[in-house]
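Summary of structural features
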Number of protein chains: 2
Amino acid sequence: MVLPVRHRRPVGRVRGAEALVGSLVGAGVDVCFMNPGTSEMHFVQALDDVPAMRGVLTLFEGVATGAADAHARITGRPAAVLLHLGPGLGNGMANLHNARRAGTPLLCVVGAHATDHVRHDAPLESDITALARTVSGWVHTCGDVRDVADDAVRAVAAATERGGQVATLVLPADVSWSDGGVPAPPLPAAAPFPPAASRVTDAAKAVREPGAVILLGGPALTARAMDAAGRVAAATGARLLVETFPRRWDTGAGRPRVDKLAYFAEQALEQLDGASSLVLAGARSPVSFFGYPGVPGDLVPDGATVVGLADAATDAAAALEALAAEVAPDAVAEPAPRDAPEPAPGPLDVRSLCAAVAATLPEDAIVVDESLTAAAVLAPALQTAAPHTQLALTGGAIGQGPPAAVGAAVAAPDRPVVAVQADGSALYTLQALWTQAREQLDVTTVLINNAAYAILRVELARTGAGEAAHSGRAGRMLTLTDPTPDFVALATGYGVPARRVETTEDLLDALRWAQREPGPHLIEAIVPAVG
Amino acid sequence: MVLPVRHRRPVGRVRGAEALVGSLVGAGVDVCFMNPGTSEMHFVQALDDVPAMRGVLTLFEGVATGAADAHARITGRPAAVLLHLGPGLGNGMANLHNARRAGTPLLCVVGAHATDHVRHDAPLESDITALARTVSGWVHTCGDVRDVADDAVRAVAAATERGGQVATLVLPADVSWSDGGVPAPPLPAAAPFPPAASRVTDAAKAVREPGAVILLGGPALTARAMDAAGRVAAATGARLLVETFPRRWDTGAGRPRVDKLAYFAEQALEQLDGASSLVLAGARSPVSFFGYPGVPGDLVPDGATVVGLADAATDAAAALEALAAEVAPDAVAEPAPRDAPEPAPGPLDVRSLCAAVAATLPEDAIVVDESLTAAAVLAPALQTAAPHTQLALTGGAIGQGPPAAVGAAVAAPDRPVVAVQADGSALYTLQALWTQAREQLDVTTVLINNAAYAILRVELARTGAGEAAHSGRAGRMLTLTDPTPDFVALATGYGVPARRVETTEDLLDALRWAQREPGPHLIEAIVPAVG
């Protein structure tokens, strides 16, 4: 095996970090989003020895983990991050949580103190393993430089298990800096489980009855899986629904028309009302995002049968194709038409904003959707826009959008990325704009500035907690006023050209400007707050 | 007992959140730094019912936790944060790590799903307890609305144990929203341990020998403890050293002159070379911040006796006073003179920058020091400046400075806060500027823009990892160029007036401008990178 390592020492005598990085490249992991510190210096230095590994610097670990999540969702292969001890991992936790919920194959390398140094309980020492276990399906601390490359390729393989998970390799500094690394050949990725014939039979029985609903999610949202689902729907009349926060959804004109399950439990219950069965294809059984007094957490309607056709670890496309072969051998999926009407002119609102994004969406774009309150309007608008791929906030940990735009753009440099982004969430990880500028990524961020945590205002009203959501001491905790952040200034500070728009006409003009020029852009769209 | 709750329901029938917040105020916790989400809506609403509780909104949980840490360091009482489920806690982890290392009494309230909702494993569900344990000395999940106020006052008391620790109360949404809360009276704070007579005797023996070093840290850096240490030094010739990253240090002119232990192990070993004994007063036995090949992690010189006079949980001031009574009954501490020379004019460097800060430092200021590579120059410069209090980066988790400035300014509205801030670290939690603007806090941030993770360049050279720290693919992971962040634009975006300076004269002018006007200011000081 030829590893892409420029050996400056005899083979088998490379430094641990060099053996590790070279073996990662051999295993197909050739991008690493990073926030290195002292304990990771030899990993960093190995970038000079292994030119096939691309290091992408971020200003904050949450940017690195969110970028890696999106990168893997787009490429379908494990992505890597390099973090600095427990606090660095802590900063990356929220987007690792989203990656866990997405079932993303993600290799998380956490640099640690040198093995000998741990006993001194130096200031940065903490329980990295305990922290990592809360988001990882696999955690291992490398104990010897001779094992580091083997550990690395095992971690990459582990990341592909169970349909994709976070695998964390804790890397003591002495393992990195010591000589004696032995490059390791790649291991095979875990294959998804084949669909179970009995589940296909059960699903076929269910969809032949009136009132069946097929809930698509996880791996069942590729173009291939969607087409099979569309054929089943065309032949049987079964309704298709997509889970609320899909990890990766190929949609738009020419693909089967599918509604999304609503975020709010009451609306989701209405959508599911009267369903005779729920066939789960890659999706989990639907539950309310939060619990509320008097609202059921389990959204399966009374009397509906639940059939688990394919879980996240199963080849969902194959399962849907087997189902289509049984119930719809000659059917053709009914494609969504291409129909993105011109948005209404005048002052912007959520509806005209979403229509403008849909009308101008480039072919084969990637849409990063952290639009939150606007999402219920955005999804139908995009359904008939140019075909594209959507990435959503899978785990509810906000601050995922700007990092995900980084990862998607690095993964697919030939595809434009359009990020539709809520303001409060953007402010969690806005540093991602700097990486967009440094790497000159083709990202257009449409920043919806409504000067509020709008979704929390809705929630405050829903919980019955307050009449005074817009005023008073409580309301002040939900507004982003006094001062309202100036996203044009913030983007400029991070090196991203930006414009502020308040009308549909100006938004359309700004979208064309952003798409014409290379590199990242931000459009701050001033929109009245809902709720 | 009269609780500061505006009862809209009969006593004993208040909502859980209202009983909780009212009881916190009764226990002396009257500020809560927060990033609430849906599960915390009733806590937020309770701000309208309990006007004595001040809610301070932050744009990111790491700002809330860093602010609470600093608030408690200044007031000496527990401070509170409100976070949103596991991901919110994750975002707050880095500064909770710093709080843990500081021995800060901190109450961390983490909202969680309603008890009934946990079994649905909804998208935001994760193992909050496991996460919390890595930074907390006390973790409890409230199980019943009737207990919530009792749990809260116990958490506040727990935060004061062991010299100060993080106490985490997990608060299910249904406990907050249910009626039946019973306000609880405050519990006594844990008292520090009295000094052990045998340790005082041992320390007295040690300091009477030539070559003794007293290492001061933790609670031994108050004006009172420092004065006692200064008397011991004056009488015996023992040398005084302050730990590298003090949690709260009363220093400046008129207080005993004390050097800081150096950050780099080699320099610290030189400082300690020849010590006959190390008397630990509130400080831990010195260890290297990181492990390096061939450098000892334990910095105690060969042959030196280590005497633990007072640990972090002991009344260090009383211990030092007992020691002074024994060895220096009539001594007077030699105060540092007031002598802050005018800085050299011309283009700024680290030396002139630190001199300018020292020369203009207001009386009784709080200095937040996250200056990293500049710290070795800043500390001696401030030693003879106006008397002030310093807060340092106790746990090495960067991104502590801007949040700490928030917390310090909220804790002491009558004291000006001067934050001397490295650029790379600032970018972790720069959202703190927005809270400074919203609360109109008297914070002057001197942002040292050297366009690099300068300390990592030094580390890269030290580890022997690379000759190419300034160039190449590795070096690119340590620079903040291409583009260099524009901190004036960023501060403006968050609503903080800002200026860029490149000369001593302009820095002095900007410092006077910032001190003259109320509210926060940021001065971006362009300084050549070291290393």
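What counts and what doesn't
By convention here, each chain's residues receive numbers from 1 onward along its written sequence. Chain labels run from A onward and ligand labels from 1 onward, assigned in the order the entries are written. Residue-level local features of this predicted model are given only where pLDDT is at least 70; pairs of side-chain atoms are given and counted only at 80 or more, and the full residue set underlies all totals for whole chains, interfaces and linings. To get the side-chain values, take all heavy atoms of the structure and skip hydrogens and water. UniProt positions are given in the numbering used here, feature names are shortened, and annotations may be inferred rather than shown by experiment. Strands here are runs of E lasting at least two residues and helices are runs of H or I lasting at least four, both read from the DSSP assignment and numbered beginning at the N terminus. What the globule rule says is 2.2 Å times the number of residues to the power 0.38, and the radius of gyration is computed from C-alpha atoms. Note on exposure labels: buried denotes an accessible area under 20% of the residue type's maximum, exposed denotes more than 50%, and partly exposed covers the range between, all computed with a 1.4 Å probe on protein chains only. Contacts: residue pairs with any heavy atoms within 4.5 Å of one another. The method behind every accessible area is Shrake-Rupley, applied with a 1.4 Å probe, and residues are considered shielded solely by the protein chains displayed. When charges are counted, Lys and Arg contribute as positive and Asp and Glu as negative, whereas His and the chain ends are disregarded. Where a charge sits is defined by one atom per residue type, namely NZ (Lys), CZ (Arg), CG (Asp) or CD (Glu). Note that the domain bounds were set by an automatic or database domain assignment. By buried area we mean how much accessible surface two parts lose on assembly, using a 1.4 Å probe and totalling the loss over both. Any carboxyl oxygen of Asp or Glu that lies within 4 Å of a side-chain nitrogen of Lys or Arg is treated as forming a salt bridge with it. All residues other than Ala, Val, Leu, Ile, Met, Phe, Trp, Tyr, Cys, Pro, Asp, Glu, Lys and Arg, Gly among them, are scored as polar; the first ten of these are nonpolar and the last four charged. Only the six-membered ring of Trp is used, alongside the rings of Phe and Tyr, when aromatic pairs are assigned; centres must lie within 6.5 Å, and planes under 30 degrees apart are stacked while those over 60 apart are edge-to-face, with the rest tilted. For a Lys NZ or an Arg CZ to count as sitting over a ring, it must be within 6 Å of the ring centre and within 35 degrees of the ring normal. Paired strands, as defined in this entry, are two strands with at least two bridges between them according to DSSP. Angles here are taken between N-to-C directions and fall from 0 to 180 degrees, while the axes themselves are lines fitted to C-alpha atoms, restricted in helices to the stretch in contact. Here, nonpolar core means buried Ala, Val, Leu, Ile, Met, Phe, Trp, Tyr and Cys residues that are tied together by side-chain atoms lying within 4.5 Å of each other. Expected helix span is computed as 1.5 Å times (number of residues minus one). Throughout, the bend at a residue refers to the angle made by two axes, fitted to the seven residues ending there and to the seven starting there. In protein, a polar contact requires one atom able to donate a hydrogen and another able to accept it; more generally it is a pair of N or O atoms within 3.5 Å, and residues adjacent in sequence count only if both atoms are side-chain atoms. In superposing the copies, a least-squares fit is computed on C-alpha atoms, taking residues whose pLDDT is at least 70 in both. Any angle that is under 35 degrees is reported as roughly parallel, and any over 145 degrees as roughly antiparallel; angles of 65 to 115 degrees are reported as roughly perpendicular and all others as oblique. Left-handed is the label given to a crossing in which the near helix is rotated counterclockwise from the far helix by less than a right angle, and right-handed is the label when the rotation is clockwise.

- In the annotation of an unreviewed UniProt entry, the entry for chain A reads Acetolactate synthase large subunit, and the organism field reads Actinomycetospora straminea.
- Recorded in UniProt for chain A, the comment headed Sequence similarities (unreviewed entry) runs: "Belongs to the TPP enzyme family."

1. Some thoughts on the overall build of chain A
- A tally of helices and strands in chain A yields 20 helices and 20 strands.
- Here the C-alpha atoms of chain A give a radius of gyration of 24 Å, agreeing with the 24 Å that 2.2 N^0.38 yields for 531 residues.
- Counting only C-alpha atoms and orienting by the principal axes, one finds that chain A spans roughly 65 × 60 × 45 Å.
- Here chain A holds 531 residues, and the buried ones make up 67% of them.
- The long-range share in chain A, meaning contacts at least 24 apart out of those at least 6 apart in sequence, stands at 79%.
- Total accessible area on chain A is roughly 16,800 Å²; 52% of this is exposed by carbon and sulfur atoms.
- Charge-centre separation for chain A: the mean point of 39 positive side chains lies 3 Å from the mean point of 56 negative side chains.

2. Looking at the domain arrangement of chain A
Residue and element names in this part refer to chain A.
- When its domains are assigned, chain A resolves into domain 1 (14–181), domain 2 (197–327) and domain 3 (350–526).
- Using C-alpha coordinates to define each centre, domain 1 is positioned 35 Å away from domain 2.
- Of the residues lining the interface, 7 residues belong to domain 1; the matching set on domain 2 comes to 6 residues.
- Roughly 510 Å² is buried in total at the junction of domain 1 and domain 2, and carbon and sulfur atoms are behind 41% of that figure.
- Viewed at the interface, domain 2 and domain 1 are joined by 0 salt bridges.
- By residue class, the composition of the side of domain 1 that touches domain 2 is 2 nonpolar, 2 polar and 3 charged.

3. With respect to the packing of aromatic side chains
All names here are of chain A.
- Taken as a whole and judged by the stated rule, the model has 13 aromatic pairs over all chains.
- Relative to F289, the ring of F245 has its centre 5.5 Å away and its plane inclined at 55°; by these criteria the two rings are tilted. Remark: F289 occurs in the loop between strand 13 (277–281) and strand 14 (305–310) and F245 occurs in the loop between strand 10 (239–242) and strand 11 (249–251); sequence separation between them is 44 residues. Residue F245 shares its accessibility class with F289, and that shared class is buried.
- Here Y263 and F264 contribute two aromatic rings whose centre-to-centre distance is 4.8 Å and whose plane-to-plane angle is 75°, an arrangement assigned as edge-to-face.
- Feature note: the residues F245, Y263, F264, F289 and F290 constitute an aromatic cluster, connected by ring pairs.
- Above the plane of the ring of W513 lies R499, whose end atom (NZ or CZ) is 4.2 Å from the centre.

4. A few points about the sheet that holds strand 5 (residues 106–112) of chain B
Residues and elements named next belong to chain B.
- Here we have 6 strands laid out as an open sheet, ordered 3-2-4-5-7-6, and parallel in their pairing. The two strands at the open ends of the sheet, each matched to only one other strand, are strand 3 (54–57) and strand 6 (138–141). On average, each strand axis in the sheet is tilted by 20° relative to the strand beside it, whichever way the strands run.
- Lying over the sheet, helix 3 (residues 61–75) contacts strand 2 (31–34), strand 4 (79–84) and strand 5, oriented at roughly 170° with respect to strand 4.
- Docked against the sheet, helix 6 (residues 148–159) engages strand 5, strand 6 and strand 7 (166–172), running at close to 165° with respect to strand 7.

5. Description of helix 17 (residues 454–462) of chain B
- Those residues of helix 17 of chain B not exposed but buried are A454, I455, L456, R457, E459 and L460 of chain B.
- The secondary structure elements touched by the buried residues of helix 17 of chain B are helix 2 (41–49) of chain A.

6. Some remarks on the nonpolar core
- F43 of chain A together with F43 of chain B are the most contacted members of the largest nonpolar core, which has 111 residues in total.
- Ignoring anything within four residues of it in the chain, the contact list for F43 of chain B reads A17, L20, V21, C32, M34, L82, V109 and L171 of chain B.
- Counting residues in each nonpolar core, the second largest holds 90 residues, with A132 and L441 of chain A together with V81 and A432 of chain B among its members.

7. Focus on helix 4 (residues 85–102) of chain B
Residues and elements named next belong to chain B.
- Here helix 4 is 18 residues long and its end C-alpha atoms lie 24 Å apart, about the 26 Å a rise of 1.5 Å per residue gives.
- The largest bend in helix 4 is about 55°, located at M93.
- For helix 4, a buried count of 17 out of 18 residues is recorded, marking the element as mostly surrounded by other parts of the structure.

8. Considerations on the interface of chain B and chain A
- On the side of chain A, 97 residues touch chain B, which itself brings 97 residues to the contact.
- Both sides together, the interface formed by chain B and chain A hides about 8,000 Å², and carbon and sulfur atoms give 61% of it.
- The largest per-residue losses of area from chain B upon contact with chain A belong to R438, R473 and M477 of chain B, which jointly make up 9% of the total buried on that side.
- Inspection of the chain B/chain A interface yields 6 salt bridges.
- Across the pair R284 of chain A and D121 of chain B runs a salt bridge, and its minimum N-O distance is 3.2 Å.
- Counting the contacts that link chain B with chain A gives 46 residue pairs in polar contact (both at pLDDT 80 or more).

9. Some remarks on the relation of the copies chain B and chain A
- Mapping chain B onto chain A is achieved by rotating through 180° and translating by 0.0 Å along the same axis, at an RMSD of 0.0 Å. Taken together, the rotation and translation relating the two chain copies correspond to the operation of a two-fold axis.

10. As for the side chain of Q431 of chain B
- Of note, Q431 of chain B is situated in the loop between helix 15 (423–426) and helix 16 (432–438).
- A polar atom in the side chain of Q431 of chain B sits 2.8 Å from the backbone oxygen of L427 of chain A.
- What Q431 of chain B contacts, discounting residues up to four positions off in sequence, is L427, Y428 and Q431 of chain A together with L59, F60, V63 and Y494 of chain B.

11. Some thoughts on the packing of helix 3 of chain B against helix 14 (residues 401–411) of chain B
Residues and elements named next belong to chain B.
- Running from amino to carboxyl end, helix 3 crosses helix 14 at an angle of 45°, the nearest separation of the two axes being 6 Å. Between helix 3 and helix 14, the crossing angle belongs to the class labelled oblique. Every pair of crossing elements has a handedness; the one defined by helix 3 and helix 14 is right-handed. Two secondary-structure elements touch here, helix 3 through G62, V63, G66, A67, A70, H71, I74 and T75 and helix 14 through P403, A404, V406, G407, A408, V410 and A411.
- A class-by-class count of the residues in the contact of helix 3 with helix 14 yields 10 nonpolar, 5 polar and no charged.

12. Points about the sheet that holds strand 11 (residues 249–251) of chain B
Residues and elements named next belong to chain B.
- Strand order in the open sheet formed by 7 strands is 11-16-15-17-18-20-19, with mixed pairing between adjacent strands. For this open sheet the edge positions go to strand 11 and strand 19 (498–501), each flanked by a neighbour on one side alone. Strand-to-strand twist across the sheet, computed as the mean angle between neighbouring axes with direction ignored, equals 20°.
- Here strand 19 pairs with strand 20 (residues 521–526) via 4 bridges, running parallel. Its bridge partner being in strand 20, V501 is matched across the sheet by A525.
- Contacts from helix 3 reach strand 15 (365–370) and strand 16 (388–392) within the one sheet, and its direction differs from that of strand 16 by about 145°.

13. Considerations on the pattern of salt bridges
- Considering all chains together, one arrives at 32 salt bridges over all chains under this definition.
- Residue R73 of chain B is joined to D69 of chain B by a salt bridge in which the shortest nitrogen-to-oxygen separation is 2.8 Å. Here R73 of chain B pairs with D69 of chain B, and both are found in helix 3, just 4 residues apart, close to one helical turn. Each member of the pair, R73 of chain B together with D69 of chain B, is buried.
- Look at the salt bridges and you will find they share partners, linking R54 and E439 of chain A together with R476 and D482 of chain B into a network.

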